[in-house]
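Given next are the chains, with one letter for each unit.
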Amino acid sequence: MIFRLVMLAEFVAIIAALAMPESLQSLGLASFILATAALVVAIFPSLASLGLAKVLRPGAVVVLAAPALWMALQAVPMPMDTLGNPIWATASAALGKPLAETITVDKGATMLSLAQYCAVLAAALVTGVITLDRYRAAQVLHILLSIATIATAIWFGKTDGIGGADGSAVAVLGVLFSCATAIRAADQIARHSRPGAIAPVPLLVLSTATIAMIVCLAALLVRTNSTAVIAALLGSGILLSVFAIRRWFLGLWGTAGVFATAAILFVASVTVIPFRTNTDVTIALSTSSQIATERMLQDVRPAGSGAGASTVLLPLYRDMGIGAPRERPTAAAAMVIDMGWAFLCGVVAIAMLAACILIRRSLSRAYDYVYPALGAGASIALTILAFADHGILSLGASLLVAALFGLAFGQSVSGAGREAMSLESKDASDRMAGPVPASRPRLAPAFLTLWPRVALAVLGIALIIPTIWMILPGWYLGGQSSLAAAISAAAGWPNEISKPVSVAAAHEDFWIRGESRSGKDPALAADEQKTELPAASNAFARALRSSPLRGDIWLMLAAASKQNSIQTAAMLKMSYYTAPNDLDLLPLRLSVALATDAVIRELEFRDLIKRDVSLVVTRRPAIRPALVAAYRSASAEGKIYLENLISELDPTYLDKMRARNSRQGSR
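Enquirer: Whenever I open this one, the overall build of the protein confuses me. Can you help?
Expert: Along the protein, the regular secondary structure elements total 31 helices and zero strands. Among the 667 residues that make up the protein, the fraction classed as buried is 51%. Summarising the internal contacts of the protein: among those between residues at least 6 apart in sequence, 78% fall at separations of at least 24. Total accessible area on the protein is roughly 30,100 Å²; 66% of this is exposed by carbon and sulfur atoms.

Right, here's the structure in full:
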């Protein structure tokens, strides 16, 4: 009964992650469900603990824990200046306050990535425990096939698809699930077709798997590039190779012949994949625009920029313009940018090693060899897919991948579940027979049964803590953070300061939690009005301690510190460098820059202002009213400089701007 509830909870988490857009809420929901499932499996004694210990060796535990430890280390202050990212020193100089240097450029993004990895790891281990039993393994395979097929069908019929970019990855997984289900059904039909056997029920399963494969392949052929199709076919080829060896080519030479044929087909398929030349290998298989990703890869540090940093860094390297194509780095490129080249090489090596181990285990099993063969095929297919798009790193697809590998490794060791059950039954019979003196050999099975449950409990606790941190503050604090309160206070500032308030609110930093303003004493209202500006500045500064690449926050700080021209210039320069292509910030940025004489007199700022004004006049006429607002609030030197710029670019608009300013000034 417990296992059925855990299975249901895990599938609910996967379905929710696929159906909901990627957000803090979807990650929190999936993390909470999977953390609860891991704790339930760890707390309630089960017959599968020893079987899991046989599958999950100490070396595998180290490999699985290494990424989580590396992500946590990236958010820890570095004792050596050479390891920390230089942005922290630059931000510290601009703020005038010491900031601890870390490897990551965004602590919030790194902690979210750590929570997602723990959720993926929990899904894999829970599935591994569930599928130690062969009958539950078949049920899990069928349910995963249903989820992947339905998700692919909906993605095929919609413009954006379920989960957005993970549609191709889910379709590839659907092809692998359908192939594995078809092979398993064919084996059952062959075994049951002997004389005197009952009519084969798996015929219906085989038909369903065939239909699912047609749906997933059609979606891949129509909606994706050739790389995803070839990845799915190569993964299925691994499954078919193992099936052929088991059925017709037993023996050393037969196995060698099948794998030699598979290697030839693999090489032939690779030649069909459209490789991009003169580019980084991590984006060589991508058919979408990767211009900004190439720029990021050129600045990669050995230790990376922090897990999840690729999404934060992308706006800095992206070309300016509303019509610029939407770009997402490939999964391989994101790993390099976030974790470093060594991490990607290690992941690829482990994937290839896992494929070899699973193939060997599938050939050594008497029955149910299709599950480890499925994991081997997925290792090959997903490795290729990682160099083509970003899909496998999305929440829904990553949880589906975790369930697949949990199923593959849970059924990779022959008789693991039966050995655990027989050992547990023997131990129970010994206890019924009477007291037995404690002996050293009895301690080993007890330890092997206990430590997997301890590992699951630790993982569940490690996952539930950030989940509570993500979900609860919005409930008991009224749903308003200190940064949101500061932005609300900024809404009452002068017009030129309040323009990007809606933009900043859209980018609210959920890592800065504050107290609700709804229950305050009205007698303190007058004092609050005097302290709104410093309070907002403090909230913005705290946000920058988590992510110094927030160009909108730097701009709000520059607008809040207009009394200190030197500080305003430092904040404004950080805004230009951390959000150079954000058109939403351009109106306020021009207003603050042209109103500060210290900014106008600096040659570097004059070039930056000229760039923004040229963009507005020549390419973005819709936001020309921002120039009028900036001109109205500019200093004397700022007005002269702006007039000179516009006279060079569009002399006719200069007269219109002056006339409009005079009309508004006379009101």
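Enquirer: Honestly, the packing of aromatic side chains in this entry has me stumped. Any pointers?
Expert: Each aromatic ring pair is specified by the distance between its two centres and by the angle formed by the two planes. Counted under the stated rule, the structure contains one aromatic pair. Taking the ring centre of W155 as reference, the NZ or CZ of R223 above it sits at 4.7 Å.

Enquirer: It is not clear to me how the confidence of the model for the protein should be interpreted in this structure. Could you clarify?
Expert: For residues with low pLDDT, the predicted coordinates do not support detailed interpretation. Within the protein, residue pLDDT values average 77, and 75% of them lie at 70 or more. Across residues 417–434, where pLDDT falls below 50, the model places 14 contacts with residues more than four positions away in sequence or in other chains. Counting interchain partners and residues more than four positions distant, the pLDDT-below-50 stretch residues 436–444 has four contacts.

Enquirer: Can you walk me through a nonpolar patch on the surface in this structure?
Expert: The grouping of I2, L5, I43 and F44 at the surface amounts to a nonpolar patch, some 380 Å² of accessible area in total. Along the chain, the position of I2 falls in helix 1 (residues 2–19).

Enquirer: I would appreciate a short explanation of the nonpolar core in the present structure.
Expert: As a rule of thumb, soluble globular proteins bury nonpolar side chains together. Ranked by size, the top nonpolar core spans 178 residues in total, and within it F177, I609 and L627 carry the most contacts. When residues in this core are grouped by element, the largest group, 15 residues, is from helix 6 (residues 107–130).

Enquirer: Would you mind showing me how to read the pattern of salt bridges here?
Expert: Summed over all chains, the structure comprises eight salt bridges. In this structure, D368 and R134 form a salt bridge, with 3.0 Å as the shortest nitrogen-oxygen distance. Taken together, the residues D368 in the loop between helix 15 (341–364) and helix 16 (370–386) and R134 in helix 7 (residues 134–157) connect sequence positions 234 residues apart. Connected via shared salt-bridge partners are K573, E602 and E604.

Enquirer: Could you clarify how one ought to interpret the packing of helix 26 (residues 586–594) against helix 29 (residues 625–633) in this entry?
Expert: Two quantities define a packed helix pair, namely the angle between the axes and the distance from one axis to the other. Helix 29 packs onto helix 26 with a crossing angle of 20° between their chain directions and a minimal axis gap of 8 Å. The pairing of helix 26 with helix 29 is recorded here as roughly parallel in orientation. Both helix 26 and helix 29 take part in a crossing whose hand is right-handed. Residues P587, L590, S591 and L594 of helix 26 touch helix 29, and the partners they reach there are A626, L627, A629, A630 and S633. For the contact of helix 26 with helix 29, the class distribution of residues is seven nonpolar, two polar and no charged.

Enquirer: Explain helix 30 (residues 636–649) to me, please; I cannot follow it from the model alone.
Expert: For an α-helix the count is 3.6 residues per turn, leaving residues at separations of three or four pointing the same way. With 14 residues, helix 30 should cover 20 Å at 1.5 Å per step; its first-to-last C-alpha distance of 20 Å lies within 8% of that length. Regarding helix 30, the residues found buried are G638, Y641, L642, E643, L645 and I646.

Enquirer: Explain the environment of V300 to me, please; I cannot follow it from the model alone.
Expert: With respect to the helices and strands, V300 occurs in the loop between helix 12 (291–298) and helix 13 (309–317). A C-alpha to C-alpha distance of 7.2 Å links V300 and G340, two positions 40 residues apart in sequence.

Reading guide: rules and limits
- Residues numbered from 1 in each chain as written.
- Predicted model: local features only at pLDDT ≥ 70, side-chain atom pairs only at ≥ 80, totals over all residues.
- Heavy atoms only, no water.
- Helix = DSSP H or I, 4+ residues; strand = E, 2+ residues; numbered from the N terminus.
- Buried < 20%, exposed > 50% of the residue type's maximum accessible area, 1.4 Å probe, protein only.
- Contact = heavy atoms within 4.5 Å.
- Areas by Shrake-Rupley, 256 points an atom, 1.4 Å probe, with all protein chains shown as cover.
- Phe/Tyr/Trp six-rings, centres within 6.5 Å; stacked < 30°, edge-to-face > 60°.
- Lys NZ or Arg CZ within 6 Å of the ring centre and 35° of its normal.
- pLDDT = per-residue confidence, 0-100.
- Patch = residues over 30% accessible without salt bridge, like charges linked within 9 Å, V, L, I, M, F, W, Y side chains within 5 Å.
- Salt bridge = Lys/Arg side-chain N within 4 Å of Asp/Glu carboxyl O.
- Core = buried A, V, L, I, M, F, W, Y, C linked by side-chain atoms within 4.5 Å.
- Axes fitted to C-alpha atoms, helices over the stretch in contact; angles between N-to-C directions.
- Parallel < 35°, antiparallel > 145°, perpendicular 65-115°, else oblique.
- Left-handed = near helix turned anticlockwise from the far one by under 90°.
- Nonpolar A, V, L, I, M, F, W, Y, C, P; charged D, E, K, R; others polar.
- Expected span 1.5 Å × (residues − 1).

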